[in-house]
Each structure stands twice: as C-alpha cells, then as structure tokens.
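What follows is each chain in one-letter form.
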Amino acid sequence: MPHRYKVGQMLELRSAPRHSNRPSGPCEVMSCLPHDKGPMLYRVKSWGESNERVVEEIDLSPSAAVKTVFEDAKKAFTIAVNKR
C-alpha cells in the first residue's frame, strides 16, 4: 500500500493523546518512512517547532495551509551558505 501523502505536502497534524507535548496545526511532510507492516509513518515538521517528529498517517489530514515563497527562498539560501 503506497503512502497517501507526498514529501513537501502541507498537512494538518492532529493533537496527540494525553501525556504528549505534540502540538496540533500545520506541518510539512519531510519524508515518507519505509514499512513492512503496521501503520504508514511520516517524518513531519510543524511550523511552530524546529524539530521533526515521526507520526502515523491517521494523525494527519489535508490542510489549506501553503508554504510561502519566502520559506522556500530561506531554505535555498541556507543551503548555499552552508556549502561554502
């Protein structure tokens, strides 16, 4: 079964069950993780955090959020500076 969402896609992350500090809100799919059995897993990054999280597909839903041109330019600039 293939992954439903693609890398770079903006999604809505549902809040976690009790006893977790995972925020809800817009997030970007950073990678689709390989699997043999069990739920589909994704590595996502929330807008309000600097770290990435691994979440199950059931915790994600389509979102109206979009990446801004500024965010894409910022990433490209950081990569160019780091390669020097």
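Because the structure is predicted, anything quoted here is derived from the model rather than measured.

(A) Here's a closer look at the environment of Gly25. Locating Gly25 in the fold gives a position in strand β2 (residues 25–33). You can call Gly25 buried: its relative accessible area is 8%. The spacing of Gly25 and Ser63 is 38 residues in sequence and 9.1 Å in space, taken between C-alpha atoms. For Gly25, the contacting residues outside a window of four places in its chain are Leu11, Glu12 and Leu13.

(B) Highlighting the environment of Ser15. Checked against the element boundaries, Ser15 lands in the loop between β1 (10–13) and β2. A C-alpha to C-alpha distance of 7.9 Å links Ser15 and Asp59, two positions 44 residues apart in sequence. When neighbours within four sequence positions are excluded, Ser15 is seen to be in contact with Arg22 and Ser24.

(C) Quick look at the nonpolar core. Listed in full, the 10 residues of the largest apolar core are Tyr5, Leu11, Leu13, Cys27, Val29, Met40, Tyr42, Val44, Val55 and Leu60. Those elements that provide at least two residues to this core are β1, β2 and β3 (41–46).

(D) Region of interest: the pairing of β1. Two elements, β1 and β2, share four bridges in a ladder whose sense is antiparallel. Within β2, the residue paired with Glu12 across the bridge is Pro26. Bridge count between β1 and strand β5 (residues 60–62): three bridges; the pairing is antiparallel. The residue bridging Glu12 from the neighbouring strand is Ser61, located in β5.

(E) How the structure looks around the pattern of salt bridges. Enumeration according to the criterion identifies two salt bridges in this entry. For Glu52, the salt bridge goes to Arg43, with nearest N and O atoms at 3.9 Å. Here Arg53 makes a salt bridge to Glu49, at a shortest N to O gap of 2.8 Å. A relative accessible area of 15% places Arg53 in the buried class.

(F) Inspection of the sheet that holds β3 at higher detail. Spatial strand order, β4-β3-β2-β1-β5: five strands in an open sheet with antiparallel pairing. The open sheet terminates on both sides in strands that have one partner only, identified here as β4 (52–56) and β5. Direction aside, the axes of adjacent strands within the sheet are offset by 50° on average.

(G) Just the pairing of β4, in detail. Judged by which residues are buried, β4 turns out to be one-sided: Arg53 and Val55 face inward and are buried, whereas Glu52, Val54 and Glu56, on the alternate face, are not. In this sheet, β4 lies alongside β3 in antiparallel orientation, the contact comprising five bridges. When the bridges of β4 are listed, Tyr42 appears paired with Val55.

About the criteria used
- Residues numbered from 1 in each chain as written.
- Predicted model: local features only at pLDDT ≥ 70, side-chain atom pairs only at ≥ 80, totals over all residues.
- Heavy atoms only, no water.
- Helix = DSSP H or I, 4+ residues; strand = E, 2+ residues; numbered from the N terminus.
- Buried < 20%, exposed > 50% of the residue type's maximum accessible area, 1.4 Å probe, protein only.
- Contact = heavy atoms within 4.5 Å.
- Core = buried A, V, L, I, M, F, W, Y, C linked by side-chain atoms within 4.5 Å.
- Pairing = 2+ DSSP bridges.
- Salt bridge = Lys/Arg side-chain N within 4 Å of Asp/Glu carboxyl O.
- Axes fitted to C-alpha atoms, helices over the stretch in contact; angles between N-to-C directions.

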